[in-house]
Amino acid sequence: MAGTPIFLMGLLLSCFCIAIGEAEHIRYKDPKQPLNTRIKDLLSRMTLEEKIGQMVQIERSVASSEVMKKYFIGSILSGGGSVPAQKASPEAWINMVNDFQNGSLSTRLGIPMIYGIDAVHGHNNVYKATIFPHNIGLGATRDPVLVKRIGAATALEARATGIPYVFAPCIAVCRDPRWGRCYESYSEDHKIVQAMTEIIPGLQGELPANSRKGIPFVGGNKKVAACAKHYVGDGGTTKGINENNTVINRHGLLSIHMPGYYDSIIKGVATIMVSYSSWNGVKMHANRDLVSGFLKNTLHFRGFVISDWEGIDRITSPPHANYSYSIQAGINAGIDMVMVPYNYTEFIDGLTSLVKNGIIPMSRIDDAVKRILRVKFVMGLFEEPLADRSLVDQLGSKEHRELAREAVRRSLVLLKNGKSADEPLLPLPKKASKILVAGSHADNLGYQCGGWTIEWQGLSGNNLTEGTTILSAIKNTVDPKTKVVYKEDPDADFVKSNDFSYAIVVVGEHPYVETFGDNLNLTVPDPGPRTITNVCGSVKCVVIVISGRPVVIQPYVPLMDALVAAWLPGTEGQGVADVLFGDHGFTGKLSRTWFKTVDQLPMNVGDAHYDPLFPFGYGLTTTPANSN
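What you see is a predicted model; the values in this text were computed from it and never measured.

Scoring rules and cut-offs
Residues numbered from 1 in each chain as written. Predicted model: local features only at pLDDT ≥ 70, side-chain atom pairs only at ≥ 80, totals over all residues. Heavy atoms only, no water. Disulfide = S-S within 2.5 Å. Buried < 20%, exposed > 50% of the residue type's maximum accessible area, 1.4 Å probe, protein only. Phe/Tyr/Trp six-rings, centres within 6.5 Å; stacked < 30°, edge-to-face > 60°. Axes fitted to C-alpha atoms, helices over the stretch in contact; angles between N-to-C directions. Helix = DSSP H or I, 4+ residues; strand = E, 2+ residues; numbered from the N terminus. Parallel < 35°, antiparallel > 145°, perpendicular 65-115°, else oblique. Contact = heavy atoms within 4.5 Å. Nonpolar A, V, L, I, M, F, W, Y, C, P; charged D, E, K, R; others polar. Pairing = 2+ DSSP bridges. Right-handed = clockwise from strand over helix to strand, strands pointing away.

1. Focus: the state of the cysteines
Each disulfide consists of a covalent bond between the sulfur atoms of two cysteine residues. Summed over all chains, the structure comprises 2 disulfides. Residue pairing for Cys174: its cysteine sulfur links by disulfide to Cys182, the two sulfurs lying 2.2 Å apart. Taking the sign of the torsion about the S-S bond as the criterion, the disulfide between Cys174 and Cys182, at about -105°, is left-handed. Of the two residues, Cys174 and Cys182, both sit in the buried class. A sulfur-sulfur distance of 2.0 Å marks the disulfide that ties Cys536 to Cys541. One disulfide, between Cys536 and Cys541, carries an S-S torsion of 105° and so falls in the right-handed class. Comparing Cys536 with Cys541 shows no difference in burial state: the two are buried. Ordering the disulfide-forming cysteines of the chain by sequence position, one finds them joined as 1-2, 3-4.

Here it is in structure tokens:
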């Protein structure tokens, strides 16, 4: 009988040894293994079907845990305004993301998916998130440290909803304000754009001192993977037409539009998104020389390259005219992950066929998948694939709103102060018998936030999310005895007959995104000009312009006593009142040239015929006057 326990012990020991051996064998699951060992091990286990699945990013509206499992999908995104429910809570976002993730984890190899979203001025799709000023305003602060802090806050708010990947920052160098995405650009000057890439360590975490150049870095579960976009030259298209052609020589491209990418890669940016635009007639999504040749081989970028939304479809004109060719051109150019976002089976079938027929080499697929896995390993997704609820209170937190308010204060640019220099109007006195607040943008949170806010194209009105309008901020700031009269579009008789001490007029552009914002006229929409004329022709006035770029204001400047460029300040309108009434001084400087007429465009600092209304770098200052 004694032989039986010995036999059982031997059997158990051999099973244990096999289990240990198997655990050692699955190196990609072991966080102690070197990064490249994990990548190589996992790649060696993957079928073509599993590899191609990793290269696909689909929209959440067509995703499910079953789809993730069946097609081995590598990534999901929320398009602009694509949410689990109207006014969804952080918990609702987390539940949705985790449900999709569980589908991915139930696959043979258990490769986690990565969820991405546009968070271009805060976590802008999400109800109650802090909405920071758009980049054009941040460029006017000239403060990379502030922008880094905003990156860190945005990362926390994204993680509060279970999202580990954001399509930001936009490091376009907007050379023509007629472009509908100009407000997504920090400046016309690449040096300011380069400085503002400090948002990347804010989003991703500070790169360790011994990091190799070009290796992506994400510092834990309070940080997110970032995405520098849109590679390259998107801000230089002819007449600022979105997705159009950037005509410039190679030296110009590398010296104006490329420097922001050097800095982003040095700072460990995890992903780079390709631009819809063309360079000298060649679509960027099909530009092998610049994507594989320059970005990957010359700059040694080791993260993954992602397409824009249906970006490969637009390689042909009309889009999707020859999808097989578009897949071939885009993947062979060096795009690693394709934002499909809906017809994913068509893309999977097309790419599979091209690989099996030898038109796209297996080496190109392996390069793409290695890069995607590298980012996922670096992010810690294999160790912590599921979102937790420990950060839900970070969404729209008081600290983040205070930071946004500070950013608003420092982004404001004072362009005129007084009919003459020795009679400044600003800062305004808080004590006055009666003041007028007028204009279409004074009491409109949606206008104040601009595009990319809750909905893709932005919204009008005050019920889109939580925040403070400029009118509310003024009422919060003036002396309790000061009567504030708000009239959106008063006539001159009303203004003259009311004995106002002074007036604040807030006008500007309506929200827009991308091509919808392309504008060859750049005039202030009605009734803005009429409101300026009626009010400023009758009483001392300060005009605040809410816009994503310089607009035509030259005809009205003589009427104004003071003029402020407030850009698109976001949810924290109190920052405007803080500076207007002297609790803080004006410090912002133009990060863009303010033209006289659109006939001068494009016109940038350094041009031979530079004749602006207000030059690049201009901005009057005031000192705080807390006693008024």
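2. Structural notes on the packing of aromatic side chains
Scanning the entire structure with this criterion turns up 12 aromatic pairs. A ring pair is formed by Tyr165 and Phe167, whose centres lie 5.1 Å apart and whose planes are at 75°; its orientation type is edge-to-face. For the pair Tyr165 and Phe167, one class covers both residues: buried. Judged by centre distance (5.9 Å) and plane angle (40°), the rings of Trp567 and Trp594 are tilted.

3. Here we look at the packing of helix α10 (residues 250-257) against helix α11 (residues 259-266)
At a minimum axis separation of 5 Å, α10 and α11 run at an interaxial angle of 50°. One way to sum up the angle between α10 and α11 is to call them oblique. Along its contact with α10, which presents Leu254, Ser255, Ile256 and His257, the element α11 presents Pro259, Tyr261 and Tyr262. Here the contact of α10 with α11 is composed, by residue class, of 5 nonpolar, 2 polar and no charged.

4. A look at the pairing of strand β15 (residues 502-508)
Counting buried residues in β15 gives 7 out of 7 residues, a clear majority hidden from the surface. Across the two faces of β15 the burial is the same, with Tyr502, Ile504, Val506 and Gly508 and Ala503, Val505 and Val507 all buried. Strand direction decides the pairing type here: β15 and strand β16 (residues 541-546), joined by 6 bridges, are parallel. Considered in β16, the bridge of Val505 is made with Val543. Assessed by its sense of winding, the connection that carries the chain from β15 through helix α20 (residues 528-536) to β16 is right-handed.

5. Notes on the sheet that holds strand β7 (residues 271-274)
Within the open sheet, the 3 strands sit side by side as β5-β7-β10. Their pairing is parallel. Edge positions in the open sheet fall to β5 (227-231) and β10 (304-306), since each of these has one partner strand only. Averaged over all neighbouring strand pairs, the angle between strand axes comes to 25°, with direction disregarded. By the bridge criterion, 4 bridges tie β5 to β7 in an arrangement that is parallel. For Tyr231, the partnering residue across the bridge sits in β7 and is Val274. Helix α12 (residues 288-298) rests against β5, β7 and β10 of the sheet, and its axis sits at about 140° to β5.

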